[in-house]
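# What the coordinates show
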Amino acid sequence: MENLHQYDVIVVGGGGAGLMAAMYASRTAKTAVISKLYPVRSHTGAAQGGIGAALGNLEEDRPEWHTFDTVKGSDYLGDQDAIEFMCNEAVQAVYDLEHMGLPFSRTADGRIAQRPFGGHTNNVTGKPVRRSCYAADRTGHMILQTLYQQCIKNQIVFYDEFQVMDVLIRDGKVAGVVAVELATGELHVFQAKAVIIATGGHGRMWEITSNAYAYTGDGAAVVARRGIPLEDMEFFQFHPTGIYKLGILITEAVRGEGGILFNAKGERFMEKYAPRIKDLASRDVVSRAMYLETRAGNDVNGQRFFYLDVTPETVNKYAELDGRTRPDGTPYRVTAEEIRSKIPDITDFCITYLGIDPTKQPIPVQPTAHYAMGGIPTNKFGEVVIDSNNTVLPGLYAAGEVACVSVHGANRLGTNSLVDLIVFGKHSGLRAAEYALGADFTPLPDDPTAFVREQIERLRNGSGKERAAQIGRELRSTMFDLVGVFRTEEGLTQAMEKIQELRARFREVRVADSGKVFNMELMQTWELGNLLDLALVTTRSALERRESRGAHARDDYPARDDVNWLKHTLAWLEGDSVRLDYKPVVITKYQPKERTY
Ligand SMILES: Cc1cc2nc3c(=O)[nH]c(=O)nc-3n(C[C@H](O)[C@H](O)[C@H](O)COP(=O)(O)OP(=O)(O)OC[C@H]3O[C@@H](n4cnc5c(N)ncnc54)[C@H](O)[C@@H]3O)c2cc1C
């Protein structure tokens, strides 16, 4: 067979999770990374605010507090064994990054600087705690560059601009993956003992999103088509502060540095919804508050946006009212210069895209689709599990945003995704390499590229009655309006019908470009198919869950219902329908209680 490659471990994805996995797997296993983007263009590079770890550099902090905050932030849907593991490992993980050369911002005495972030608290006082370790507002960029350099140093093999379209499974075991080389259009078969999926999220199915164009859920869709369930897909995070209409993220760090949200009446509305930590409540709480303010007619100009004010006058006024102090006990006061130095990239974005200097004028913001809590179910070693008994599929692993461990449950806390990547990226890499040492190659199926060729043929031979771009637009607006911050039975049912209609229309699409070299029309159309599959799973899971929990807010079932719904959803894509099952949440130390901030 032409274009056949053999590795012990194949990592699909060159973002934070994939690079971390590759680094650790390559210690003992012959490892390669396949990435549709040049690795340093991965979405990890867009992460701004920081990585959470209880280093306690500026005030007392403990991994147990981080654990509890994460459990509470997850609205009790996160698995507590995995959360505890992650928060304990986070501290060493940050030092490991430091030792690899990551240029963190520093405190006056040279330690890693930390700042407050939504939902991270001192568990005794309930006040915000400085837990987010950062490199200005470019933390993800620095992580990605640091890890990539380490991978190059360790001579890991990269297949850049190769897009994986199928995972091969035979006799219940992983056999490899099939990828298209974008530069030539040729198919390649990678036989592997272990495959780690680290392909990131799928936020491009919503109209307003902070996510990169590449966030089309490829990894999740590919495994779903091979009969593997997806977990908790109804939980998708809307970040409260996207730039109005554009969706570009304004990091929570802006509120960490003292920024305040205002409604059209000039009220600091978060006081009503989270009396203790106000603007630093967790994201689901703030996004929902914005929706309720909109419904009450308090959005600006009736246009569903609000103001985020980080001008020194406002920051200093409210810091005084809140009694906020610096680590040395002196009152917290800032200058425009200090704000700019803490959030240089955000300042640039606002000037470039809005013509607004955020140190002089408030920023118009609205909720933006941001992060997939749900994904491919794994245990805390990154092994993919395929049913409600957590049966492992030998040789298949997932890590990063595409995976659902579940450490984020119904709502992820800011800074916890970068922790997730580093901790579970590392452990999935170690586990996969260990498995590969003791395993043989699973024989490839007779015609390994058959399913991929079939998918491509279909896209080339549709009737041409429909245009992919139009279907994409309708999908994104349907998802934003009906499967967004607030949901109802009626809206979700309507969305289901619309998605089925779009799926039927998608079968008529024909890709006009018949070339092989960088045929982006073909790949983007294939990606739209992935989003249509995941939209179906998301909406069906959301329709079934008749309660409100974390990011899943139902107008018709406003309360959390632990009696009936303290459980994870598992959803199998079966043609045009979705089969559901449920599995218990792991609860160790913290019994669910009401969530207040
Ligand atoms: C604007 C923004 C700001 C954020 N800020 C923070 C923050 O401050 N703190 C925090 O904790 N989290 C933050 N997050 C979330 C966090 O950055 C992401 O969840 C995380 O970086 C995802 O990492 P990953 O390794 O899973 O995926 P990515 O970094 O996106 O990498 C995915 C990789 O998969 C590859 N890939 C995808 N599909 C295929 C395919 N079919 N074939 C081959 N390769 C494929 C891509 O090429 C890419 O290399 C932010 C997210 C956004 C969007």
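Residues numbered from 1 in each chain as written. Predicted model: local features only at pLDDT ≥ 70, side-chain atom pairs only at ≥ 80, totals over all residues. Heavy atoms only, no water.

### So, the nonpolar core
To be explicit about the condition: Only buried residues count toward a nonpolar core. Its members are Ala, Val, Leu, Ile, Met, Phe, Trp, Tyr and Cys residues joined through side-chain atoms within 4.5 Å. Only protein chains enter the accessibility calculation, which uses a 1.4 Å probe. A residue is then buried if its area is under 20% of the maximum for its type, exposed if over 50%, and partly exposed in between. Helix numbers and strand numbers start at the N terminus; a helix is a DSSP run of H or I with at least 4 residues, a strand a run of E with at least 2. In this analysis, two residues are considered to be in contact whenever any of their non-hydrogen atoms come within 4.5 Å of each other.
Core analysis: the largest hydrophobic core is formed by 85 residues, its most contacted members being Ile10, Leu396 and Leu475. Broken down by element, the residue count for this core peaks at twelve residues, all from helix H16 (residues 520-544). Not counting the four nearest positions on each side in its chain, Leu475 is found in contact with Met205, Ile499, Leu502, Leu528, Leu531, Leu532 and Ala535. Residues Val94, Ile143, Val405 and Ala432 belong to the second largest nonpolar core, which totals 57 residues.

### Topic: the packing of aromatic side chains
Geometrically, a pair of aromatic rings is defined through the distance of the ring centres and the angle of the planes. To be explicit about the condition: When two rings of Phe, Tyr or Trp (its six-membered ring) have centres within 6.5 Å they constitute a pair, described as stacked for plane angles under 30 degrees, edge-to-face for angles over 60, and tilted for the intermediate range. In this analysis the charged atom, NZ for Lys or CZ for Arg, is taken to sit over a ring once it is within 6 Å of the ring centre and within 35 degrees of the ring normal.
Evaluation of the coordinates by the stated rule reveals 19 aromatic pairs. Each member of the aromatic cluster is reached from another via a ring pair, and the members are Tyr7, Tyr159, Phe162 and Phe190. One Lys or Arg, Lys193, reaches over the ring of Phe441 and ends 5.0 Å from the middle of that ring. Stacked on the ring of Phe381, the Lys or Arg Arg431 has its end atom at 3.9 Å from the ring centre.

### Section: the domain arrangement of the protein
Rules: Residue ranges assigned to each domain were obtained from an automatic or database domain assignment. When two components associate, each loses some accessible surface as probed by a 1.4 Å sphere; the sum of these losses over both components is called the buried area.
As assigned here, the protein comprises domain 1 (255-367) and domain 2 (450-563). Each of domain 1 and domain 2 has a C-alpha centre, and these two points are 34 Å apart. Facing eight residues of domain 1, the contacting portion of domain 2 comprises eight residues. Interface area, domain 1 with domain 2, both sides summed: about 640 Å², of which 63% is carbon and sulfur.

### Re helix H13 (residues 450-460)
The line we're drawing: When we speak of the arc, we mean the arc of directions from the helix axis to the C-beta atoms.
Inspection of H13 places Val452, Gln455, Ile456 and Leu459 among the buried residues, and these make up the whole buried set. On an axial view of H13, the arc spanned by its buried residues comes to 95°, and they lie on one face. Elements that come into contact with the buried residues of H13 comprise strand E7 (162-170), strand E8 (173-181), strand E9 (187-197), helix H15 (489-506) and H16.

### With respect to the sheet that holds strand E10 (residues 230-231)
Basically, it comes down to this: A pair of strands is labelled paired if DSSP reports no fewer than 2 bridges between them. Fitting a line to C-alpha atoms yields each axis, with helices limited to the stretch in contact; the angle taken between N-to-C directions then spans 0 to 180 degrees.
Read across the open sheet, the three strands follow the order E10-E21-E22; overall the sheet is antiparallel. The two strands at the open ends of the sheet, each matched to only one other strand, are E10 and strand E22 (577-584). With two bridges joining them, E10 and strand E21 (residues 567-574) adopt antiparallel strand pairing. Counterpart to Leu230 in the pairing with E21 is Ala571. Lying on the sheet, H16 is in contact with E10, E21 and E22; it crosses E22 at an angle near 55°.

### Re the site of the ligand
Let me state the cut-off plainly: Working definition: residue near molecule or strand if any one of its non-hydrogen atoms lies within 4 Å of it. Pairs of N or O atoms are called polar contacts if they sit within 3.5 Å, as long as, within protein, a hydrogen donor faces a hydrogen acceptor (for residues adjacent in sequence, only side-chain-to-side-chain pairs). Residue-level accessible areas treat just the shown protein chains as cover; the underlying method is Shrake-Rupley with a 1.4 Å probe.
Close to the ligand lie 39 residues; Ser42, His43, Thr44, Tyr215 and Glu401 are nearest. Residue His43 places a main-chain N or O atom 3.3 Å away from an oxygen atom belonging to the ligand. At a separation of 2.8 Å, a nitrogen atom of the ligand approaches a polar side-chain atom of Asp218. Burial of the ligand by the protein chains amounts to 98% of its free accessible area of 1000 Å². Listed by contribution, the elements that provide at least two residues to the shell around the ligand are helix H1 (16-25), strand E2 (31-35), E7, strand E14 (363-372) and helix H12 (416-438).

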